[in-house]
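# Examining the three-dimensional arrangement
Letter by letter, the chains look like this.
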Amino acid sequence: MSITIIPTSVFADVVSGKVTQSQVTTRIADLGAQGIEIRRELFVESDDSLPLEQCRQAIQQANLLYTVYSVPASLWQKNHGLNQEIVYRSFTEAQRLGADAVKLSLGHYDHVQSSIDVLLTSLDQFFAEQSSVSPIRLWIENDQTTYGGDPAHILSFFEQLATLQAHSQWYSIGITFDIGNWLYAGQDALEAAQQLSPYVTYIHAKHSVQQENRYLTLPLPIEEKALWRQVIELLPNQAWRAIEFTLSDDTEIKYYNHVLSTAGRSNIAMDHTTDTARVNGNELLPSSNLPVESDNTSLDIVTFGEAMTMFVAEEVGDLHDVALFIKRLAGAEANAAIGFARLGLRSGWASKVGADAFGTFVQHKLASEHVNLDHVRIDSERPTGFQLKSKVISGDPQVQYFRRGSAASQMSIADLDATYFSSARHLHMTGIPLALSDHNRVFAQHVIQQMRAHHRSISFDPNLRPALWSSHTEMIETINHFAIQADIVLPGIEEGQILTGSSVPEEIAEFYLQQGVKVVVVKLGPAGAYYRTQEQSGTVPGFIVEHVIDTVGAGDGFAVGTVSGWLAGLTIEEAITRGCAIGALAVQSIGDHEGYPSENELQYMIEHHPRYPATDIVVEDVTRYDPSLEGVK
């Protein structure tokens, strides 16, 4: 089931003014939606007295996870210039509302006369002026006009946006795809879906018909071949969804919300007749453990581990000298879950958090990234861990942890919902949870057994943290015990030396292949990676990065790219290329996962960014290693 949002305009009594938007928040939660869309045009107050804080409080009390703020205004004016006043006002109001996204129309954008740089500069300036603000998305909706509802104009905007390689920790830009509005603009909804699908992040579903000289908006027809169903099949599964027609009966609203949440692409059948397949003579990643088409694979990938609140220094220097910090999310498995979700995979994360502000922050952050949290448990006795991280100009930052005795360190069999894990096609795990407690190790072994029993595939990233282990020997024995149960193992070259005793990539790979692992990928640093299977081996060059800002999270990003390629059935080199690209993007951003791309941004990176020549891949001297291994060497 997909995430659904119920706009307040769905309620006839809100549209008629009998009740306010803040008064339907609990009803929306009871009707089965995860979020609300607040409509600016349904406020009757003046601009200066919009009850946004009142709505925000009501949304929080109803435990709704997501808020969309819909503003009936256009970004570009008739002279093709950006309406900067609208941008600033809309985001200011969205901030007061606590919204995750602002929905606006494109307006009179022209690919020659209009400047996207002006928009990005305005957004950068807005967030730079805020002392405390959460990231807010900008979602551009096709409206009912011939200019704002022209798919060619919208496509041109997003193609130009992609060439700018714009990455911000505070905002992202996507499309609100209104299925019914295309008719008003004289366009074909199916053709628009085919063109714009890579950029769609939110769907408005309604049925529009033309009667003589007017258009009508009607509830969704239930026929199997209905237009809205055909459109949904073409759009990303992870896009949020909302019914967009007015009803007077809550039972009907609940029905249509459920119909919309369960519609869409069916699970894709895969060929598992052999351990490997070939395309044009190129070997694909072994996929014999991936599930055959099944109704019970509601997730593409699941992971588990500890997530923490991270306070990142706002100034360079030793942590004890820093006065200002900014709050972010940290945790290798959380990074991976976010990375997979950004690429369009149905991603789930299992863990425990404390009944505290940090635990709430972790959940809200992951939920805002479309990560499934159905297996997150709340521990009322133990806290959510946190950490401090220094600001650096380049290289690895200093990190101090406050995680001993955390809720996540006490995951046990009593917390395990085996069906949650078996509902996923693939398990991605790291060695970090294994270091936290005996409880976690027992939990992890049962998860692996459950995945194996249902013929699911497994990837393993050692992610060594020697400081968390009681002894060097225990770390090596435990990590290798779990690594050899995986299909694909992803050690760094330093980790490989610690775990196998060899600094030679071929020997590291051989160590795991002899024990049943199908694919071993050894990260060789920014220049690339070495891979080996029983049938082939080789090296894949990395992407050239002129200025490294922060290396933490690059290894998790590499795993995201490589494993997502595994699941897509790409060749080994194609999959690892994805990993190298995400790793290169990650090190150019402050924060652990802030630089992770969408699928479209990833493809642009691969196609347009320079890479190291294959002959320049050099295995680094790893006789001395950083005990924390926080960075990707």
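Residues numbered from 1 in each chain as written. Predicted model: local features only at pLDDT ≥ 70, side-chain atom pairs only at ≥ 80, totals over all residues. Heavy atoms only, no water.

## Structural notes on the pattern of salt bridges
Counted only if it meets this: Salt bridge, as used here, is a side-chain nitrogen of Lys or Arg placed within 4 Å of a carboxyl oxygen of Asp or Glu. In this scheme, a residue with accessible area under 20% of its type's maximum is buried, one over 50% is exposed, and one in between is partly exposed, where area comes from a 1.4 Å probe on protein chains only.
Tallied over the entire structure, the rule returns 28 salt bridges. Across the pair Arg-39 and Glu-41 runs a salt bridge, and its minimum N-O distance is 3.0 Å. Relative accessible area serves as the criterion here: at 39%, Glu-41 is assigned to the partly exposed category. A salt bridge links Asp-379 to Arg-382, with the nearest nitrogen and oxygen atoms 3.0 Å apart. Through salt bridges that share partners, Glu-37, Arg-39, Glu-41, Lys-103, Glu-141, Asp-178, Lys-206 and Glu-244 make up one connected network.

## Brief notes about the sheet that holds strand 18 (residues 386-391)
Heads up, the condition is: A strand pair is defined by DSSP finding two or more bridges across the two strands. Numbered from the N terminus, helices here are DSSP runs of H or I no shorter than four residues, and strands are runs of E no shorter than two. Every angle, taken between N-to-C directions, lies between 0 and 180 degrees, and every axis is a line fitted to C-alpha atoms, over only the stretch in contact when it is a helix. Pairs of residues are marked as contacts when any of their non-hydrogen atoms sit within 4.5 Å.
With mixed pairing, the four strands of this open sheet are ordered in space as 15-14-18-19. Both edges of this open sheet fall to strand 15 (325-330) and strand 19 (399-402), since each of them pairs with a single strand only. For this sheet, the mean angle separating the axes of adjacent strands, direction not counted, is 25°. With four bridges connecting them, strand 18 and strand 19 associate as antiparallel partners. Within strand 19, the residue paired with Gln-387 across the bridge is Tyr-401. Set on the sheet, helix 12 (residues 357-368) makes contact with strand 14 (308-316), strand 15 and strand 18; between it and strand 15 the angle comes to about 65°.

## Thoughts on a negative patch on the surface
Quick note on the threshold: Note that patches include only residues with greater than 30% relative accessible area and no salt bridge, and the join distances are 9 Å for like charges and 5 Å for nonpolar side chains (Val, Leu, Ile, Met, Phe, Trp, Tyr). Exposure was quantified through the Shrake-Rupley algorithm and a 1.4 Å probe, taking into account, for residues, occlusion by the shown protein chains and nothing else. Positive charges come from Lys and Arg, negative ones from Asp and Glu, while His and the chain ends are left out of the count. Positions of charges follow a simple convention, taking NZ of Lys, CZ of Arg, CG of Asp or CD of Glu.
Negative charge collects at one region of the surface, where Glu-314, Glu-315, Asp-318 and Asp-321 lie side by side. Looking at the element boundaries, Glu-315 is found in strand 14.

## Quick word on the side chain of Ser-502
Just so we agree on the cut-off: Here a polar contact means two N or O atoms within 3.5 Å. Within protein one must be a hydrogen donor candidate and the other an acceptor candidate, and residues neighboring in sequence count only if both atoms are side-chain atoms.
Inspection of the secondary structure assignment puts Ser-502 in the loop between helix 17 (493-500) and helix 18 (505-513). One polar contact links the side chain of Ser-502 to the main-chain amide nitrogen of Val-504, over a distance of 3.1 Å.

## Some details on the sheet that holds strand 4 (residues 101-107)
Ordered by their spatial adjacency, eight strands build a closed barrel running 1-2-3-4-5-6-7-10, and the pairing between neighbours is parallel. Geometrically, the sheet is characterised by an average inter-axis angle of 30° between neighbouring strands, direction not taken into account. Both strand 2 (residues 35-39) and strand 3 (residues 66-76) contribute to a ladder of five bridges, which runs parallel. When the bridges of strand 3 are listed, Gly-35 appears paired with Tyr-66. Where helix 10 (residues 250-262) meets the sheet, its contacts fall on strand 1 (4-7), strand 7 (200-205) and strand 10 (240-243), and the angle it forms with strand 10 comes to roughly 145°.

## What about the confidence of the model for the chain?
Reading predicted coordinates in detail is not appropriate for stretches of low pLDDT. Worth spelling out the cut-off: pLDDT is a per-residue confidence score from the predictor, ranging from 0 to 100.
The pLDDT averaged across the chain works out to 87; a share of 89% of its residues lies at or above 70. Scored below 50 in pLDDT, residues 620-633 shows 37 contacts in the model against residues more than four places distant or in partner chains.

## So, the nonpolar core
Quick note on the threshold: Nine residue types can take part in a nonpolar core, namely buried Ala, Val, Leu, Ile, Met, Phe, Trp, Tyr and Cys, and a core is a set of them joined through side-chain atoms within 4.5 Å.
Among the nonpolar cores identified, the biggest contains 76 residues, and Tyr-69, Leu-119, Phe-157, Ile-173 and Phe-177 are the most heavily contacted of them. For this core, the leading source of residues is helix 5 (residues 116-128), giving six residues. When neighbours within four sequence positions are excluded, Ile-173 is seen to be in contact with Leu-119, Leu-120, Leu-123, Leu-138, Ile-140, Phe-157, Phe-158 and Leu-161. In terms of nonpolar packing, the next biggest core, distinct from the first, is built from 40 residues, Phe-421, Val-447, Ile-498 and Ala-509 among them.

## Observations concerning the packing of helix 11 (residues 332-342) against helix 19 (residues 554-568)
For clarity, the cut-off: Our angle categories are set so that under 35 degrees counts as roughly parallel, over 145 as roughly antiparallel, 65 to 115 as roughly perpendicular, and the remainder as oblique. Take the far helix as the reference: if the near one is turned anticlockwise from it by less than a right angle, the crossing is left-handed, and if turned clockwise, right-handed. Under the grouping applied here, Gly and all other residues not named as nonpolar or charged are polar, the nonpolar ones being Ala, Val, Leu, Ile, Met, Phe, Trp, Tyr, Cys and Pro and the charged ones Asp, Glu, Lys and Arg.
Look at helix 11 against helix 19: their axes get within 9 Å of each other, and the N-to-C directions meet at 45°. Of the possible angle classes, the one that applies to helix 11 and helix 19 is oblique. Between helix 11 and helix 19 the crossing geometry is right-handed. Residues Ala-332, Asn-335, Ala-336, Gly-339 and Phe-340 of helix 11 touch helix 19, and the partners they reach there are Asp-556, Ala-559, Val-560, Val-563 and Ser-564. Partitioning the contact of helix 11 with helix 19 into residue classes produces six nonpolar, three polar and one charged.

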